[in-house]
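Fold and geometry: a report
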Amino acid sequence: MKRRVTRYNDRFGPSMSSGMTVLAIFLAAVVILSVYFACNAFPLRGSGDTAAEDLPEVAPPPPETEEMSLIPEELTARVNFSNADIAHGYLILVNKDHEYSFGGEDVVALYHNEDKSPSYGLATSDIACERSILPFLNEFLDAYSEASGDENVVINSGYRSFEAQQQILDDRIASDGEEEAYKYVALPGQSEHHTGLGMDIASWGENYNSAWLTENCWHFGFVQRYRADKVAITGISSEYWHYRYVGKPHAEIMMKENLCLEEYIELIRTYTYEKPYTFAAEDGTQYVIYSVRAVGSEEAETAVPVPKGAAYTVSGDNIDGFIVSAVWETSAAATETEGEETE
Ligand SMILES: [Zn+2]
């Protein structure tokens, strides 16, 4: 299996369009009610919800009913994923509590790479990134250099092997001492740079506009990973230069809800296929996002439910399961449109 999966299931054919119209109307009602219930059952929270904590204990909530499920069983497909893939994908959490599992990296060197945009430079000739994020990195830094006029933006560091991280740590300890070194340099195995998804972006020019990078990175699927206001959670000192690719729509949600990756993964892990997190992106795309825990050993496979007809992506969380994001509108609402557009 590939590290990231995007599949398009079979769509309903035009011959089913009249039956589908009735079903679509029924589903629309279910969706509206379900979203209403879901929004009220899971109000998004920032760092705390004191109002809820102050309330006295009340009777337990009513038992869950079938009607509250957002995606009905007849619109559900199940796709098997290897449990080993918990450790792979755009959303894997790598930190001191969740070490990176080496093996299967697919990184590409950027030096003398004709697919690399000329809009940014490389601090050293060994800079590399996860192969599939190169187009997004290009888009991000093309847009930056155009907006800022900065022609001297450079990538200082990208993918690092275990040995490379050990060398960086050893060098830092030698120059600054252990205490200072451990504040900024992760232990080998615990660095996000092992994923190839984390890039250190800086500039040697006078037009350096780090605020633009911070404010706009989410448009390209990146987040500023180690922010000053999240040090207590990430355990890493503020690193305004470190950007992590998480993909769409996750970067947009993290930005809008002010969540670092640790908080975002924790949030999404509370949502299930039956009651997914729903999100309307600024570009108008409707998403459902949910977590599926792996079942069985690392050699086993887990059947992951996905909405039929929807484009979806699956990533491991590097904890114990998978996170699925699916474009919801194509699965039910857009099916009818397709019927009308028969050639
Ligand atoms: Zn970094």
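**Focus on the overall build of the chain**
Helix and strand counts for the chain come out as ten helices and 14 strands. In the chain, which comprises 343 residues, the share counted as buried stands at 34%.

**With respect to the pairing of strand 9 (residues 239-245)**
By the bridge criterion, three bridges tie strand 7 (residues 198-203) to strand 9 in an arrangement that is antiparallel. Paired with glycine 198 across the two strands is arginine 244, which belongs to strand 9. Pairing of strand 8 (residues 222-226) with strand 9 involves four bridges; the strand directions are antiparallel. Looking at strand 9, one finds that phenylalanine 222 is bridged to tyrosine 245.

**A short note on helix 9 (residues 261-268)**
For helix 9, every residue scored as buried is listed here: Leu261, Tyr264, Ile265 and Ile268. Projected onto a plane normal to the axis of helix 9, the buried residues spread over an arc of 95° and lie on a single side. Next to the buried residues of helix 9 lie strand 8, strand 9, helix 8 (250-256), strand 10 (277-280), strand 11 (286-293) and strand 14 (321-327).

**Points about the sheet that holds strand 4 (residues 121-122)**
Spatially, 4-6-7-9-8 is the arrangement adopted by the five strands of the open sheet, whose pairing is mixed. Every other strand in the sheet has two partners, leaving strand 4 and strand 8 as the edge strands with one partner each. Sheet topology note: the strand 4/strand 6 (residues 153-157) ladder contains two bridges and is parallel. When the bridges of strand 6 are listed, glycine 121 appears paired with valine 154. This element, helix 3 (residues 134-148), spans strand 6, strand 7, strand 8 and strand 9 of the sheet and lies at about 140° to strand 6.

**Section: the pairing of strand 6**
Here strand 6 pairs with strand 7 via four bridges, running antiparallel. If you follow isoleucine 155 over to strand 7, its bridge partner there is isoleucine 201.

**Observations concerning the environment of glutamate 263**
Its location among the elements puts glutamate 263 in helix 9. Sequence separation between glutamate 263 and threonine 234 is 29 residues, and the spatial gap between their C-alpha atoms is 9.3 Å.

**Here's the deal with helix 3**
Owing to its 3.6 residues per turn, the α-helix brings residues three or four apart onto one side. With 15 residues, helix 3 extends 21 Å between its outermost C-alpha atoms, agreeing within 8% with the 21 Å of an ideal straight helix rising 1.5 Å per residue. Buried within helix 3 we find Leu137, Phe140, Leu141, Tyr144 and Ser145. Buried residues of helix 3 fall within an arc of 125° about the axis and therefore sit on the same side. When the buried face of helix 3 is taken as reference, the exposed residues oriented beyond 90 degrees from it are Pro135, Glu146 and Ala147. Packed against the buried residues of helix 3 are strand 5 (128-130), strand 6, strand 7, helix 6 (210-216) and strand 8. Remark: glycine 149 follows helix 3 within two positions and exhibits a positive phi of approximately 75°.

**Here's the deal with the nonpolar core**
Counting residues in hydrophobic clusters, the biggest one holds 62 residues, and the most contacted among them are Cys217, Phe222, Val223, Ile289, Phe322, Val324 and Ala326. Counting residues per element, this core draws most heavily on strand 11, at five residues. If you count residues domain by domain, this core takes at least three from each of domain 1 (1-45 + 61-91 + 263-343) and domain 2 (99-245). Sequence-distant contacts of cysteine 217, defined by excluding residues within four places in its chain, comprise Phe140, Phe222, Val223, Gln224, Tyr243 and Ala251.

**Here's the deal with the confidence of the model for the chain**
Here the chain shows a mean pLDDT of 82. Residues at 70 or above account for 76%. Residue range residues 29-60 is modelled with pLDDT below 50. Its contacts to residues more than four positions away, or to other chains, number twelve contacts.

**Details of unusual backbone geometry**
Omega for the bond connecting lysine 248 with proline 249 falls within 30 degrees of zero, at 0°, which places this linkage in the cis form. Tracing the chain through its elements places proline 249 in the loop between strand 9 and helix 8. Despite not being glycine, histidine 112 has its phi angle at roughly 60°, a positive value. Mapped onto the elements, histidine 112 comes out in the loop between strand 3 (107-109) and strand 4.

**Describing the environment of asparagine 138**
Here asparagine 138 is to be found in helix 3. The exposure class of asparagine 138 is partly exposed, given the 18 C-beta atoms found within 10 Å. A sequence separation of 18 residues divides asparagine 138 from tyrosine 120, and the C-alpha atoms of the two residues are 8.4 Å apart. Not counting the four nearest positions on each side in its chain, asparagine 138 is found in contact with Lys116 and Ser117.

Conventions used here
Residues numbered from 1 in each chain as written. Predicted model: local features only at pLDDT ≥ 70, side-chain atom pairs only at ≥ 80, totals over all residues. Helix = DSSP H or I, 4+ residues; strand = E, 2+ residues; numbered from the N terminus. Buried ≥ 20, exposed ≤ 12 C-beta atoms within 10 Å, placed from the backbone. Pairing = 2+ DSSP bridges. Arc of directions from axis to C-beta. Contact = placed C-beta atoms within 7 Å. Axes fitted to C-alpha atoms, helices over the stretch in contact; angles between N-to-C directions. Expected span 1.5 Å × (residues − 1). Core = buried A, V, L, I, M, F, W, Y, C linked by C-beta atoms within 7 Å. Domains from an automatic or database assignment. pLDDT = per-residue confidence, 0-100.

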